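# Descriptive structure summary
The residues making up each chain are set out below.
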Amino acid sequence: MDLEFGRGLRSPKRDSWKTTLLLAYQSLGVVYGDLSISPLYVYKSTFAEDIQHSETNEEIFGVLSFVFWTLTLIPLIKYVSIVLRADDNGEGGTFALYSLICRHANVSLLPNRQIADEELSTYKLECPPEITDKSRIKVWLEKHRKLRIALLIMVMIGTCMVIGDGVLTPAISVFSAVSGLEFSLSKDHREYAVIPITCVILAFLFALQHYGTHRVGFLFAPIVLAWLFCMSAVGLYNIIHWNPQVYQALNPYYMFKFLKKTRKYGWMSLGGILLCMTGSEAMFADLGHFSYSAIQLAFTCLVYPALILAYMGQAAYLSKHHDFYSSSQVGFYIAVPDKIRWPVLVLAILASVVGSQAIISGTFSIINQSQSLSCFPRVKVVHTSEKIHGQIYIPEINWMLMILCIAVTVGFRDTKHMGNASGLAVITVMLVTTFLTSLVIVLCWHRPPLLAFAFLLFFGSIEALYFSASLIKFLEGAWLPILLAFILMAVMLVWHYTTIKKYEFDLHNKVTLEWLLALGDKLGMVRVPGIGLVYTDLTSGVPANFSRFVTNLPAFHRVLVFVCVKSVPVPHVLNAERYLIGRVGPPGHRSYRCIVRYGYRDVHQDVDSFETELVETLATFIKLDASYRCSEASDPDELTEAMVEPAGERERRLTVIASSNTLRHRASYDLQDSARHSSPASTTVEMRATGAMAAGDGDDGAAAEISPEKKQVRFFIDSHVASPDAAGSGKQVEEELEALAAAREAGTAFILGHSHVQCKPGSSVLKRLAVDVGYNFLRRNCRGPDVALRVPPASLLEVGMVYVL
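Residues numbered from 1 in each chain as written. Predicted model: local features only at pLDDT ≥ 70, side-chain atom pairs only at ≥ 80, totals over all residues. Heavy atoms only, no water.

Per an unreviewed UniProt entry, the protein chain is named Potassium transporter, and its organism is Urochloa decumbens. In its Sequence similarities (unreviewed entry) section, the UniProt record describing the protein chain reads: "Belongs to the HAK/KUP transporter (TC 2.A.72.3) family." Under the UniProt heading Subcellular location (unreviewed entry), the note attached to the protein chain is "Membrane". (UniProt positions renumbered as here; feature names shortened; annotations may be inferred.)

### Quick notes on the overall build of the protein chain
Of the regular secondary structure elements, the protein chain holds 27 helices and 13 strands. Residue burial in the protein chain is summarised as follows: out of 805 residues, 57% are buried. A sequence separation of at least 24 residues applies to 80% of the contacts in the protein chain between residues at least 6 apart. Roughly 33400 Å² of accessible area belongs to the protein chain as shown, and the carbon and sulfur atoms make up 61% of that amount. (Helix = DSSP H or I, 4+ residues; strand = E, 2+ residues; numbered from the N terminus. Buried < 20%, exposed > 50% of the residue type's maximum accessible area, 1.4 Å probe, protein only. Contact = heavy atoms within 4.5 Å. Areas by Shrake-Rupley, 256 points an atom, 1.4 Å probe, with all protein chains shown as cover.)

### Topic: unusual backbone geometry
Of note in this structure, H446 is not a glycine but carries a positive phi near 55 degrees. In this fold, H446 is placed in the loop between α19 (415-443) and α20 (449-471). Here R590, not a glycine, exhibits a phi torsion of approximately 60 degrees, which is positive. Here R590 is to be found in the loop between β5 (579-583) and β6 (591-598).

### Describing helix α8 (residues 145-178)
Between its terminal C-alpha atoms α8 stretches 50 Å, which fits the 50 Å expected from 34 residues at 1.5 Å a residue. Residue L168 marks the point of greatest curvature in α8, where the axis turns by about 25 degrees; the proline P170 follows within four residues. Of all 34 residues making up α8, 26 are buried, and the element is well covered by its neighbours. (Expected span 1.5 Å × (residues − 1). Bend = angle between axes of the 7 residues up to and from the residue.)

### Some details on the side chain of S179
Following the sequence through the fold, S179 ends up in the loop between α8 and α9 (187-190). Since its relative accessible area comes to 5%, S179 is described here as buried. Apart from the residues within four sequence positions on either side, S179 is in contact with K44, V194 and Y333.

### A closer look at the packing of aromatic side chains
Throughout the structure, instances matching the rule amount to 21 aromatic pairs. Taking the centre distance of 6.2 Å and the plane angle of 25 degrees together, the rings of Y32 and F299 count as stacked. Of this pair, Y32 sits in the loop between α2 (17-30) and α3 (33-36) while F299 sits in helix α16 (residues 292-319), and the two are 267 residues apart along the sequence. Given the relative accessible area of 0%, F299 is considered buried. For the ring pair F546 and F556, a centre distance of 5.7 Å and an interplane angle of 70 degrees mean the geometry is edge-to-face. On the criterion of sequence distance, the pair formed by F546 in helix α23 (residues 544-552) and F556 in strand β4 (residues 555-567) is long-range, its members being 10 residues apart. (Phe/Tyr/Trp six-rings, centres within 6.5 Å; stacked < 30°, edge-to-face > 60°.)

### Here's the deal with the pattern of salt bridges
Summed over all chains, the structure comprises 15 salt bridges. The residue K261 makes a salt bridge to E59 at a minimum N-O spacing of 2.9 Å. Within this pair, whereas K261 is found in helix α12 (residues 253-262), its partner E59 is found in helix α5 (residues 58-82), the two being separated by 202 residues in sequence. Under the relative-accessibility criterion, E59 is labelled buried at 6%. Here K416 makes a salt bridge to E476, at a shortest N to O gap of 3.6 Å. (Salt bridge = Lys/Arg side-chain N within 4 Å of Asp/Glu carboxyl O.)

### Quick notes on the packing of α8 against helix α18 (residues 395-412)
Where α8 meets α18, the closest approach of the two axes is 9 Å, and the angle between their N-to-C directions is 50 degrees. Taken together, α8 and α18 sit at an angle that is classed as oblique. Considering how the two elements wind past one another, α8 and α18 form a crossing that is right-handed. Within the contact between the two elements, α8 uses I163, G166, V167, L168, P170, A171 and F175 and α18 uses L401, L404, C405, V408 and T409. The residue makeup of the contact of α8 with α18, split by class, is 10 nonpolar, 2 polar and no charged. (Axes fitted to C-alpha atoms, helices over the stretch in contact; angles between N-to-C directions. Parallel < 35°, antiparallel > 145°, perpendicular 65-115°, else oblique. Left-handed = near helix turned anticlockwise from the far one by under 90°. Nonpolar A, V, L, I, M, F, W, Y, C, P; charged D, E, K, R; others polar.)

### Some remarks on the pairing of β6
Within a regular strand, side chains alternate between the sheet's two faces. Buried residues dominate β6, accounting for 8 of its 8 residues. The side-chain alternation of β6 yields two buried faces, one formed by S591, R593, I595 and R597 and the other by Y592, C594, V596 and Y598. Across 8 bridges, β4 lies against β6 in parallel orientation. Pairing of V565 across the sheet is with V596, part of β6. Note: β5 against β6, 5 bridges, orientation antiparallel. Bridge assignment links L580 to a residue of β6, and that residue is I595. (Pairing = 2+ DSSP bridges.)

### Considerations on the packing of helix α6 (residues 94-104) against α8
The relative placement of two packed helices is expressed as an angle between their axes plus a distance between the axes. Close contact between α6 and α8 brings their axes to 10 Å; oriented N to C, the two are set at 165 degrees. With respect to α8, the element α6 is oriented roughly antiparallel. Remark: the crossing between α6 and α8 carries left-handed chirality. Contacts from T94, F95, Y98 and I101 in α6 reach L151, L152, V155 and T159 in α8. Its residues placed into classes, the contact of α6 with α8 shows 6 nonpolar, 2 polar and no charged.

### Digging into the nonpolar core
Grouped burial of nonpolar side chains is what soluble globular proteins tend to show. Membership of the largest hydrophobic core comes to 170 residues, with the highest contact counts inside it found for Y32 and W227. Aside from chain neighbours lying at most four places away, what touches Y32 is S27, V224, M283, I295, A298, F299 and V303. (Core = buried A, V, L, I, M, F, W, Y, C linked by side-chain atoms within 4.5 Å.)

### What to know about the confidence of the model for the protein chain
Model confidence for the protein chain is summarised by a mean pLDDT of 79, while 80% of its residues fall at 70 or above. Low pLDDT (under 50) marks residues 1-13, which in the prediction has 36 contacts with non-local residues, meaning those over four places away or in another chain. Confidence over residues 659-725 falls short of pLDDT 50; this stretch has 143 contacts with residues more than four positions distant or in other chains. (pLDDT = per-residue confidence, 0-100.)

### Notes on a nonpolar patch on the surface
Where nonpolar side chains cluster on the molecular surface, the patch consists of F474, L475, W479, L483, F486 and I487 and spans about 650 Å² of accessible area. Relative to the elements of secondary structure, F474 occurs in the loop between α20 and α21 (479-509). (Patch = residues over 30% accessible without salt bridge, like charges linked within 9 Å, V, L, I, M, F, W, Y side chains within 5 Å.)

### Observations regarding the pairing of strand β3 (residues 526-535)
In the sheet, β3 pairs with β4 via 8 bridges, with the strands oriented parallel. For V526, the partnering residue across the bridge sits in β4 and is A555. Pairing between β3 and strand β12 (residues 748-758): 4 bridges, direction parallel. The partner of L533 across the bridge, within β12, is F750.

### Brief notes about the state of the cysteines
Counted under the stated rule, the structure contains 0 disulfides. With no disulfide of its own, C375 has C160 as its nearest cysteine by sulfur position, at a separation of 9.5 Å. The exposure class of C375 is buried, given its relative accessible area of 2%. Between C594, a cysteine without a disulfide, and C564, which holds the nearest cysteine sulfur, the sulfur-to-sulfur distance is 9.1 Å. A residue is classified by how much of its surface remains accessible, and C594, at 0% relative accessible area, is buried. (Disulfide = S-S within 2.5 Å.)

Spelled out as structure tokens, the structure:
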């Protein structure tokens, strides 16, 4: 199943009903796998010791009433009706909400924000900033750094709990499905069958992750669809056969009767009831794969009715059967007729695997997004599909999740403790989403603060009640997600804090190219053949590690490119807007600056395509820069149409190199007009592996040919640049392009900093512990920047740099 099918079909216009139906069907296997298997363990977790099922049926009817209204208020009203509308260019999840807030208020802690980023097509605001009044909440957030830090910590807590859910959900789902074997095995054999089979299924599930889900993804939706119909049919049979009057329990009065009779123990049992909405967050987190209307249609018309029928059917059966000696028998399978128990067991196991797969993929995705905010150590991200964007696999995380899942299964060995742990993780993520959505209502939708407060108070109160019931089970399993979150939070805070301090150190110790050039005359600087890509986090100036390199070894490449790979608060950056190119120094120095922008859901491209695109982009920039200089002589005002001058210096201006002529008009500069100074074919330099030179659609323009044997690049100059009026400029461009082609043929070197971090003398014990111990341990034991940036080892050149923070 194509997870990006919705993205490929979606257009600015409203989806057709056929497309919506198809997307709704596909969403079953991705979005609702986790939510649909919750009936396997909700009643079993709820009646685990805290309350007992009695002949009055007040307990079972009260639980059913709680389940019904919980599913109605949280997944149906909160998520489907409100939260799903808080999308970020069609994307959802915790990072989407934080990204929206960062765009509408200056609350991001990453210091590399540029004005040019606001001109991205996906950097859209709900209302133009010039017509919106600053709310008091926005002023407070922007003024107080502690509030911005608290906001980021809240996002981190939500992220950590999602990762914790990635550990707990596969364990409880598969264990609950396999526990149906208890009815076919003797009491002596249960212990030796259920746990080992669960562990084998979990190990098999994680071992298949590196193949990707696209190979078997087409089976996901049919499995979940069959499971939903199976639950509905069994539930409807139990309602008709055992207790047709069970619908009366939907009256909210039964909730008050339940709490009145059970008191403290009934409140504690809410930790099991909240498991009925496990997986609701996936409706918002996976919004980018489908569409709002598709997810809304699938839930309201199929998933929600099926879940209600399943829970009502179990309650109807239990209302006529009171001869249970243990809470373990108050489960899903006890209400399944004996004749179909084995087929239902097999289908339940398959559905639990599908639901587990969805949360595992979501864990990979959110860790990749955490890296984009510099909140997580570098890990290796692998594409599992060439056709489906966004399907990734992280080896280190996968095996850690597998070990933790198996450890949870073997350690807890029952649904009660697993349910307590999973419930706390789920409700914490929902609380974070509620708070962030209330900020979106004020800052992004510009609604009255009273409306946002009402949203926060109503849904936050319901979730706070469930949160308290889960937290009271700390010693009975709820300690696990808290422990996992504490460890992950420590890792994320240490990494984020040190990364920002390193950036500030680089910013303070950067040098100018003029100083470097002046020093070069004294040192006898030598230019060697090839292209040197100097990776830096700085968007201006020469990084200190490069100045350290050339002062100790006075030689660098004839074509020098300072590459800054940065993340912007949008989900995706169009390829036509990914590169910002500018000069560093005079044209004869052959030094450039390239800022490569990625969204938080983008995955970095492989080094071969990046190198090719970079050479194409530099060649296009050289031509356009010459065209701008020519046009500047006749009309200097035209130069500002596609240029950004962050420092006010002409040699530091940056140009967006666009390969498409369908870009939108922006407020500060027009990307279409930037191509008017050259012919249509000259806005893209073609890199061909075989064949003769081609110049676009037959017009005279710029093209490049790469011979597969020699990787030789030949550039052809646009007629406008090489015209008699600009003969000098055309000759200069030709020489610059020839130098670029020769440098590409000589090879490319990737120059990265190898950092050693230490605290200043006199630093606090906490800072020394975080930086000297924590960060350096993570740096030594996690992937290096060369792996994250996909740099080939043969072309890597590392420069040691000591950061004293």
